[in-house]
Every structure is written in structure tokens, then in C-alpha cells.
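So you can see what is in the structure, the chains are spelled out below.
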Amino acid sequence: MQAAPVRATAIPSFTTALRAVESLLMSGGQRTARRNAWTSVLEDRRRAKDRVEAQRVLDQTPTVPSLTTRP
């Protein structure tokens, strides 16, 4: 029994294949705009996650009486 032959070239990743199709279908400006939009979406998600985490920390912090309140 013989071993399967080894490929000389690597199989492209899904991302590489998708970018190749994208380059055929879209002009350079459209590709740049789409990538910029996706980068913005990812950044918005990161900021939203940070806001949720900050709010969680604030909610768990005990409140300290204000110095301006009078007994």
C-alpha cells in the first residue's frame, strides 16, 4: 500500500479564495469601501463589548456616600 502523494502547493484558505472572487467582481474602490465598513463594524462591536464590561464593573462597585450630603 502506497501513501497518498503530497501536494506541492497549499490549498488556499477560504479567506484567500473569497478575496480572489471579490477582486474579480468588484473594483478596487468598492473593495476598499467594503473592507473599511467591515473594520468599522468590528471596532463598533469591540467598543460595545468594552462598554458592557465597564458597566458590569460599575454595577459591582459599592456606592460611596457623597461628601456633599448632609446627615
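Look up: the structure comes first, before these words.
Bear in mind the structure is a predicted one, so any value in this text is a computation, not a measurement.

### Comments concerning the overall build of the chain
A tally of regular secondary structure across the chain gives two helices and zero strands. For the chain, the proportion of its 71 residues judged to be buried stands at 1%. When the accessible area of the chain is evaluated, it comes to approximately 7,000 Å², of which 62% is carbon and sulfur surface.

### Comments concerning the packing of helix α1 (residues 14-25) against helix α2 (residues 28-60)
Relative orientation of the contacting elements α1 and α2 amounts to 135°, with a least axis distance of 9 Å. Overall, the two elements α1 and α2 adopt an arrangement that is oblique. Side by side, α1 and α2 meet where Arg19, Glu22 and Ser23 of the first sit next to Arg31, Arg34 and Arg35 of the second. When grouped by side-chain class, the residues that make up the contact of α1 with α2 number no nonpolar, one polar and five charged.

### Here's the deal with the pattern of salt bridges
Close approach of charged atoms allows side chains of opposite charge to pair. Per the stated rule, a full pass over the model turns up five salt bridges. With a shortest N-O distance of 3.7 Å, Arg47 and Glu43 are connected by a salt bridge. A residue pair is termed a helical-turn pair when its members lie 3 or 4 positions apart in one helix, as Arg47 and Glu43 do in helix α2 at four residues. Arg47 gets classed as partly exposed once you look at its relative accessible area, which sits at 37%. Between Asp44 and Arg47 there is a salt bridge, and its shortest N-O distance comes to 2.3 Å. Of this pair, Asp44 and Arg47 both sit in helix α2, three residues apart, roughly one helical turn. Residue class for Asp44 comes out partly exposed when judged on its relative accessible area of 40%. Look at the salt bridges and you will find they share partners, linking Glu43, Asp44, Arg46, Arg47 and Asp50 into a network.

Reading the values: rules and limits
- Residues numbered from 1 in each chain as written.
- Predicted model: local features only at pLDDT ≥ 70, side-chain atom pairs only at ≥ 80, totals over all residues.
- Heavy atoms only, no water.
- Helix = DSSP H or I, 4+ residues; strand = E, 2+ residues; numbered from the N terminus.
- Buried < 20%, exposed > 50% of the residue type's maximum accessible area, 1.4 Å probe, protein only.
- Areas by Shrake-Rupley, 256 points an atom, 1.4 Å probe, with all protein chains shown as cover.
- Axes fitted to C-alpha atoms, helices over the stretch in contact; angles between N-to-C directions.
- Parallel < 35°, antiparallel > 145°, perpendicular 65-115°, else oblique.
- Contact = heavy atoms within 4.5 Å.
- Nonpolar A, V, L, I, M, F, W, Y, C, P; charged D, E, K, R; others polar.
- Salt bridge = Lys/Arg side-chain N within 4 Å of Asp/Glu carboxyl O.

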